[in-house]
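# Residue-level structural notes
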Amino acid sequence: MKECIFETENLVYSYSTKQAKPSLDNVSVEIHKGVRTAILGANGAGKSTLFYHFNGIFKPVSGTVKYMGKPLEYTREALTELRNDISVVVQNPDEQIFSATVEEDIAFGPMNMGMERDEIERRIQESLFKVGMEEYRERPTIQLSYGQRKRVALAGALAISPKVLILDEPTAGLDPQMSQEVIELVEQLCEAGTTVIISTHDVDLAYAWAEEIHVLIHGDLVYSGEPEPFFDDHEKVAMTGLVMPHTFSVNSSVQRICGREVAPYPRTNSQILCKMLPEGSRIGKIRLVPVEDSLPDVPAEGLPTGIYGAITRRLFRAAGREPDYHFNAIEYCLMDAVGGKDSVLFCDAPMKDRVLEVIGRMEAFGKKVEVVM
Amino acid sequence: MSEEMQMDTLAYSSRMLKWAPLGKFLFVIAVLIVNIVTNSMMVPFVTLAIGLVLMAYSTNFKIPFFVALALAEAVLILAIGCGMISITGDKADPAIWDTNLLWFDVYMTHDSFNKAWLVMFRGIAGMAVMMSFATSTPIPHLSQALKQVHMPREVSELVVLIYRYGFFLLERLDAMWEAAHCRMGFNGFMNTMKTTASITVGIFTSSSNLADKAQIALDCRNYQGYFPIYNAPPKLGIKWILVTVAAVALIYVFGIYTEGWIDMTKLFFGGSA
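Residues numbered from 1 in each chain as written. Chains lettered and ligands numbered in written order. Predicted model: local features only at pLDDT ≥ 70, side-chain atom pairs only at ≥ 80, totals over all residues.

Tallying the contact residues gives 26 residues for chain A and 25 residues for chain B. Of all the elements in the fold, those that place two or more residues in the side of chain A that touches chain B are α2 (76–85), α3 (93–96) and α4 (102–112) of chain A. At seven residues, α4(A) tops the list of elements feeding residues into the side of chain A that touches chain B. Taken together, the residues of the side of chain A that touches chain B sort by class into 13 nonpolar, eight polar and five charged. (Contact = placed C-beta atoms within 7 Å. Helix = DSSP H or I, 4+ residues; strand = E, 2+ residues; numbered from the N terminus. Nonpolar A, V, L, I, M, F, W, Y, C, P; charged D, E, K, R; others polar.)

Time to look at the pairing of strand β9 (residues 212–217) of chain A. Residues and elements named next belong to chain A. As paired elements, strand β3 (residues 37–40) and β9 share four bridges and run parallel to each other. Residue pairing for β9: A38 is matched across the bridge by I213. Once β9 ends, the chain turns through two residues before running back antiparallel as strand β10 (residues 220–225), passing H218 with a positive phi of about 45°. (Pairing = 2+ DSSP bridges.)

All names here are of chain A. Helix α6 (residues 146–158) packs onto α4 with a crossing angle of 35° between their chain directions and a minimal axis gap of 7 Å. Between α4 and α6 lies a crossing whose hand is right-handed. When α4 is examined against α6, the residues V102, D105, I106, F108 and G109 are found in contact with a partner set consisting of V152, A155 and G156. Counted by class, the contact of α4 with α6 contains five nonpolar, two polar and one charged residues. (Axes fitted to C-alpha atoms, helices over the stretch in contact; angles between N-to-C directions. Left-handed = near helix turned anticlockwise from the far one by under 90°.)

Turning to the sheet that holds β10(A), a few remarks are in order. Residue and element names in this part refer to chain A. Here six strands make up an open sheet; going across it, the order is β6-β7-β8-β3-β9-β10 and the pairing mixed. Of all strands in the sheet, those bounded by a partner on one side alone are β6 (86–89) and β10. Shown here is a sheet whose adjacent strand axes are inclined to one another by a mean of 15°, direction ignored. Summarising the sheet, β6 and strand β7 (residues 164–168) pair through four bridges and their orientation is parallel. Paired with S87 across the bridge in β7 is L165.

Let us look at the domain arrangement of chain B. Residues and elements named next belong to chain B. Segmentation of chain B into domains returns domain 1 (3–137 + 237–272) and domain 2 (143–220). Placing the centre of domain 1 and that of domain 2 at their C-alpha centroids yields a distance of 34 Å. With five residues of domain 1 in contact, the opposing surface of domain 2 contributes six residues. Elements that contribute at least two residues to the side of domain 1 that touches domain 2 include exactly α1 (3–12) and α2 (21–37). Counting residues per element, the side of domain 1 that touches domain 2 draws most heavily on α2, at three residues. The residue makeup of the side of domain 1 that touches domain 2, split by class, is four nonpolar, no polar and one charged. (Domains from an automatic or database assignment.)

With that settled, the discussion passes to the sheet that holds strand β5 (residues 70–71) of chain A. Residue and element names in this part refer to chain A. Pairing within the open sheet is antiparallel, and its four strands lie in the order β2-β1-β4-β5. Either end of the sheet is taken by a strand with one partner, and the two such strands are β2 (24–32) and β5. As paired strands, strand β1 (residues 4–13) and strand β4 (residues 62–67) are joined by five bridges and run antiparallel to one another. Bridged to F6 within β4 is Y67. Its contacts with the sheet put helix α1 (residues 47–54) on β1, β2 and β4, and the angle it makes with β1 is roughly 120°.

On to the pairing of β3(A), then. Residue and element names in this part refer to chain A. The alternating pattern of β3 places T37 and I39 and A38 and L40 on opposite faces, both of which are buried. As judged from the four bridges shared by β3 and strand β8 (residues 195–200), these two strands associate in the parallel manner. Across the sheet, I39 pairs through a bridge with S199, a residue of β8. (Buried ≥ 20, exposed ≤ 12 C-beta atoms within 10 Å, placed from the backbone.)

Turning to the packing of helix α6 (residues 139–148) of chain B against helix α7 (residues 153–182) of chain B, a few remarks are in order. Residue and element names in this part refer to chain B. One way to put it is that α6 packs onto α7 with a least axis distance of 9 Å and a crossing angle of 175°. When the axis of α6 is compared with that of α7, the two are roughly antiparallel. Packed against α6, whose contacting residues are I139, P140, L142, S143, L146 and K147, the element α7 presents R153, V155, S156, V159, V160 and Y163 at the interface. When grouped by side-chain class, the residues that make up the contact of α6 with α7 number eight nonpolar, two polar and two charged. (Parallel < 35°, antiparallel > 145°, perpendicular 65-115°, else oblique.)

Moving on to the nonpolar core. Residue and element names in this part refer to chain A. Ranked by internal contacts, the top residues of the largest apolar core, which has 78 residues, are I166 and A206. If we ignore the near neighbours within four places in the chain, the residues touching A206 are A38, L40, I198, T200, I213 and P227. Core analysis: the second largest hydrophobic core is formed by 30 residues, V289, L315, L345 and V369 among them. (Core = buried A, V, L, I, M, F, W, Y, C linked by C-beta atoms within 7 Å.)

As a general rule, the predicted coordinates of low-pLDDT regions are not to be interpreted in detail. Residue and element names in this part refer to chain B. For chain B, the average pLDDT comes to 88, and 97% of its residues sit at 70 or higher. Within chain B, α1 has the poorest average pLDDT of any element, 73, and helix α9 (residues 238–257) the best, 95. Per the prediction output, this complex has pTM 0.80; the corresponding ipTM is 0.82. (pLDDT = per-residue confidence, 0-100.)

Looking now at unusual backbone geometry. Residue and element names in this part refer to chain A. Here A263 and P264 are connected by a cis peptide whose omega angle stands at -5°. Take P264: it is sitting in the loop between α11 (246–258) and α12 (269–276). At N26, a residue that is not glycine, the phi angle is positive and equals roughly 50°. When you line up the elements, N26 lands in strand β2.

Next up, the structure:
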C-alpha cells in the first residue's frame with residue numbers, strides 16, 4: 001500500500017469572505033510518497049492554493065491538512081520544521097529570488113535553517129552543480145536571463161534538501177531545451193527519493209511524466225488517479241478546460257485508423273512508434289555507459305551519442321565533447337532504436353536503473369530494445 | 001539593460017568590490033572634507049588624481065553613458081554656479097572687471113575669480129572621488145555597511161528590498177511604457193498625461209501584487225524576519241583607518257604648503273590684476 005505524504009480532508013479555503021464560491025471547495029486528496037504527482041487544472045482552478053496548504057502558507061477555513069499522517073500545526077516552530085522538509089518553487093522566479101547574487105540566494109534557505117557555514121557551502125556547490133550554474137555563482141541575480149533565474153530558484157529550493165519538492169508550472173516561460181533539462185533534473189530527484197509534485201496545465205508534460213494526477217476545476221477536485229482514465233473521458237477533459245495530450249490523441253487515432261488496441265497507452269513518441277512498428281522490423285541497440293567520476297573511454301564508432309544526468313553533462317563539457325543528444329537523450333536513443341539504428345547513451349551511474357526501467361517499458365509495446373553495457 | 005542595471009553591473013565587476021564598503025566610504029568622505037577645508041588650489045588636483053586613479057583601478061573608467069551625461073550636466077551646473085561666484089565679488093576690493101549687464105551688476109575681483117575656480121575644481125574632484133565609491137559599491141554591500149554601524153536592521157533590510165524590487169518595477173514600467181507607445185498612448189499632450197497617470201496607477205497596483213507574492217515566496221523559504229547574509233563584505237579594519245588618517249594628514253599638509261601656488265587671476269589676466 002502506498003504511503004500518504006499529504007492528505008487533505010474536506011479542505012475549504014476562501015481568499016475573502018465575499019467570495020461566492022470558495023477557492024477550494026471540500027477538496028479531499030491523497031498525495032503518495034515517492035509517486036510522481038501532477039496537479040492539473042486550467043488557470044484559476046486552485047492548483048497553487050492547494051499546494052500552499054501543503055506547506056502551511058494558507059490555513060484552511062475548514063477541513064484538515066495532514067503531513068506524514070499528522071495534522072499540520074500552525075505555530076511558528078511547527079511551520080519552520082515543516083518548511084525544512086518541503087520546498088516550493090514558484091512559477092515566476094523573480095518572486096522567489098531575493099538576494100543580490102546567486103550564491104547569496106541559494107544560501108538563503110539553508111541559513112534560515114541555521115546550518116553551519118561548511119554545510120551551507122557544500123549545499124551551494126551541490127545545488128549549483130545540479131542545475132548547471134556553477135560558473136554563475138557570484139553573478140548578480142538581476143543580470144541573469146529568465147531561464148537562468150528559474151534555475152537559480154530551483155537551486156535555492158534544492159539547497160534545503162527537501163523531502164518534498166513542489167514545482168509550480170516548472171516549464172512555463174522556458175525554451176524547450178531548458179524544459180527538458182528541468183524535467184531531467186526532476187527525474188534525478190525522484191530517483192534520489194524526493195517526492196516531487198508538479199502543478200501545471202501542460203497536459204503533455206503531466207501525461208509523459210506523472211504516475212498520478214489530481215485534476216481541479218474552479219476549486220473542486222474532479223479526478224484523482226492514473227492519467228489514462230481521465231484523458232479517456234473526453235467530456236471531463238473538455239469540462240476542466242484542458243486538452244488531450246498529444247501522444248494520447250495520436251494513440252486514439254492509431255486505434256481508429258489502424259484498428260490497434262488502445263491499451264497499453266503510450267506516453268512517448270518512441271512508444272507510439274514502437275506500437276505501430278510492423279512485425280519483423282529491426283530494433284536498434286542502445287549501448288549504455290554509466291558514468292561515475294570520469295568519462296569512460298568508449299569509442300562511439302560513429303553512432304549517435306546521448307547524455308543523461310548532471311555528472312555526465314559536466315564531464316562532457318569539461319572534455320569538450322559534443323553529444324548528439326544533449327537533452328531528452330533516452331527518448332532520442334529509443335527513437336533511434338525503433339528506427340533500427342544503434343546509439344550510445346552515457347548516463348550518471350545512479351540513474352542507470354531508471355534508464356533501464358524506461359528502456360524496458362518498450363517491451364509492453366511489443367518490441368524489446370536490447371541494452372549493451 | 002536598464003540604466004540602473006548598468007550601474008549595478010559596473011559595481012559588481014569592480015576590482016574594488018571586495019574592499020570594505022565602510023572603509024571606502026570613510027576614505028572618500030575624509031578626502032572630500034580635507035578637499036573642502038584647505039584653501040590650496042593644488043588640493044582639488046590631488047583629490048581629482050585620487051578619484052581618477054581609483055576609478056581607473058576599479059572599472060577602467062567604464063562609466064555608463066547616462067552617468068557620464070549626468071556628470072557632464074553637473075559640471076555644467078557647477079560652471080554656471082562658479083561663474084556667478086566670480087562675478088559677485090566683494091565691492092570693498094578692487095575690481096578686475098566691473099560692468100552692468102542688463103539689470104545685473106557684474107563685479108569681478110581677484111578673490112572672487114580665484115574662489116570660483118577653487119569651487120569648480122573642488123566640485124569636479126569631489127565628483128571623481130564619489131564616483132569611484134559609487135561604481136565599486138553595490139547597494140547590498142552598502143546595506144551591510146549600514147548594519148556594521150548598527151543602523152537598525154529594518155532600515156538596512158528596507159534598503160535591500162527597495163533595491164531588489166525597484167528593478168522589477170522599473171522593468172515593468174519599461175514594458176508598460178513600450179506597450180503604451182505601441183497603442184499610440186503618447187500622441188498629444190493630454191493623451192500623454194492620461195497614459196502616464198494610468199501607467200503610474202498600474203505600477204502602484206503591480207507593486208502591491210508583487211509584495212503579496214513575494215511575502216508568500218519568503219514564507220515558503222522559511223523566512224525568519226531578517227535577511228541573513230552568507231558572504232558579508234569585509235568590515236572596517238584598522239588598515240582603513242590608518243590609510244585614511246595618513247591620506248588626510250598628507251593632503252592637509254600638502255594643502256598648507258602649496259597655498260597660493262596657483263593664482264588663476266594671474267593666469268587669465270596676467271600681471272595687471
